[in-house]
Amino acid sequence: MEIKSAVIPVAGRGTRFHPVTKVVAKELLPLVDTPILHHIVLEAARAGIQRIVLITSKGKTSLEDYFDSDLDDDLLRKIDIISVRQGSPRGLGHAVLCARPIVGNEPFAVLLGDDVIDSEVSVTRQLIDASQRFDGSPVVGVMEVSEEDSCKYGIVGGKEIDKHTFLLDKLVEKPKPGTAPSNLAIPGRYILTPDIFPLLENATPTLNGEIQLTDALQALAKKRKMYAYQFTGKRFDAGDKFGYLEANLHYAMKRPEIRERAKKLILQMAKELE
Ligand code: UTP
């Protein structure tokens, strides 16, 4: 089945990016001159997604305004943007559950609003293709991380059944050092099926009151076959100060009008830092 909807949760507090996120949604911060969210919606559009469900919260209306503005991209102009409020930030799992009335009984993609991935083939497309190879099963996008970084992500465990494809038996959110089932982390791309919703609805919140998507996915993996696909692309955690800087430099190098000057500046700075 072709996937029509993509859920993009953008309702988080953005505490890693204080103070600016006290008044500006981090998803609106530019990579050179283009908001983070623009890149993410474009990835979904390039995958053939027709409808974006933005999960928003207080102070995020400028994101909706942005997509009302005159965008000079045909793909973006064609896509429908619907927003749903998450009254308070009760975790990523709860944010995804907020999309249920719009998504209904169909499979859907999830793209986190602060994870940018530059790739030749849209990563969402890579995951939809993987899901279709396995009868429309849920698929999470994964990438290799170092052992010391594994405690920052959801980590999967399973067996490799095909090139870059794993049948999952374990999904653990932020494992304690030395306990990660593998070095494959989920940075924020998913193809999900609607049977995730009752699991999210009945999930036990963590100590801080959040509903974790990874916990519901672990429960789903016990009920049906679920896969991870190691995508091809360069990923940036644009919700983190360093990741944001890295993403800005990466996209600056792709802009002919500033590339040479930016390169000179970086080389000059590197010399001065020696
Ligand atoms: P993050 O944990 O990276 O984002 O959540 P955050 O909570 O905004 O940022 P920090 O950690 O405080 O700096 C991943 C994604 O899930 C969304 C966020 O907006 C982000 O895109 N999210 C998270 C929600 O929509 N609702 C939530 O309750 C939590």
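Reference entry: report on the structure contained in this document. (Residues numbered from 1 in each chain as written. Predicted model: local features only at pLDDT ≥ 70, side-chain atom pairs only at ≥ 80, totals over all residues. Heavy atoms only, no water.)

Before going further, it helps to spend a moment on the packing of helix α1 (residues 36-46) against helix α2 (residues 61-68). It is the contact of α1 with α2, at a shortest axis distance of 11 Å, that shows an interaxial angle of 60°. Between α1 and α2, the angle falls in the class oblique. With respect to the hand of their crossing, α1 and α2 are arranged in right-handed fashion. Every residue of α2 that contacts α1 at L37, H38 and V41 is listed here: L63, Y66 and F67. Residues belonging to the contact of α1 with α2 are distributed by class as follows: five nonpolar, one polar and no charged. (Axes fitted to C-alpha atoms, helices over the stretch in contact; angles between N-to-C directions. Helix = DSSP H or I, 4+ residues; strand = E, 2+ residues; numbered from the N terminus. Parallel < 35°, antiparallel > 145°, perpendicular 65-115°, else oblique. Left-handed = near helix turned anticlockwise from the far one by under 90°. Contact = heavy atoms within 4.5 Å. Nonpolar A, V, L, I, M, F, W, Y, C, P; charged D, E, K, R; others polar.)

We now examine helix α8 (residues 213-223). Those residues of α8 that sit buried are L213, T214, A216, L217, Q218, L220 and A221. Lining the buried residues of α8 we find α4 (92-97), β8 (139-144), β9 (154-162), β10 (165-173), β12 (189-192) and α7 (196-201). (Buried < 20%, exposed > 50% of the residue type's maximum accessible area, 1.4 Å probe, protein only.)

As a matter of local geometry, the ligand sits amid 19 residues, with G12, T15, R16, Q86 and G91 nearest to it. Between the ligand and the protein, one listed contact pairs an oxygen atom with a backbone N or O atom of P9 at 2.9 Å. The side chain of Q86 places a nitrogen or oxygen atom 2.7 Å from a nitrogen atom of the ligand. Considered on its own, the ligand offers 560 Å² of accessible surface; in the complex 83% of this is hidden by protein. Taking a 2 Å distance to the grid points as the criterion, the majority of the atoms of the ligand fall inside the largest pocket. (Near = heavy atom within 4 Å. Polar contact = N/O pair within 3.5 Å; in protein donor to acceptor, adjacent residues only side chain to side chain. Areas by Shrake-Rupley, 256 points an atom, 1.4 Å probe, with all protein chains shown as cover. 1 Å grid on protein atoms, 1.4 Å probe; cavity = no way out; pocket = protein on both sides within 12 Å on 5 of 7 lines; lining within 4 Å. Sits in = over half its atoms within 2 Å of the grid points.)

Structurally, V84 is set in strand β5 (residues 80-85). For the pair V84 and I258, spaced 174 residues apart in the sequence, the C-alpha separation amounts to 38 Å. Apart from residues lying up to four places away in sequence, V84 is in contact with V53, L54, I55, T56, C98 and I102.

Of the two faces of strand β13 (residues 227-230), the one holding Y227 and Y229 and the one holding A228 and Q230 are both buried throughout. When β8 meets β13, the two strands line up parallel, connected through four bridges. Bridge pairing links V140 to A228 in β13. (Pairing = 2+ DSSP bridges.)

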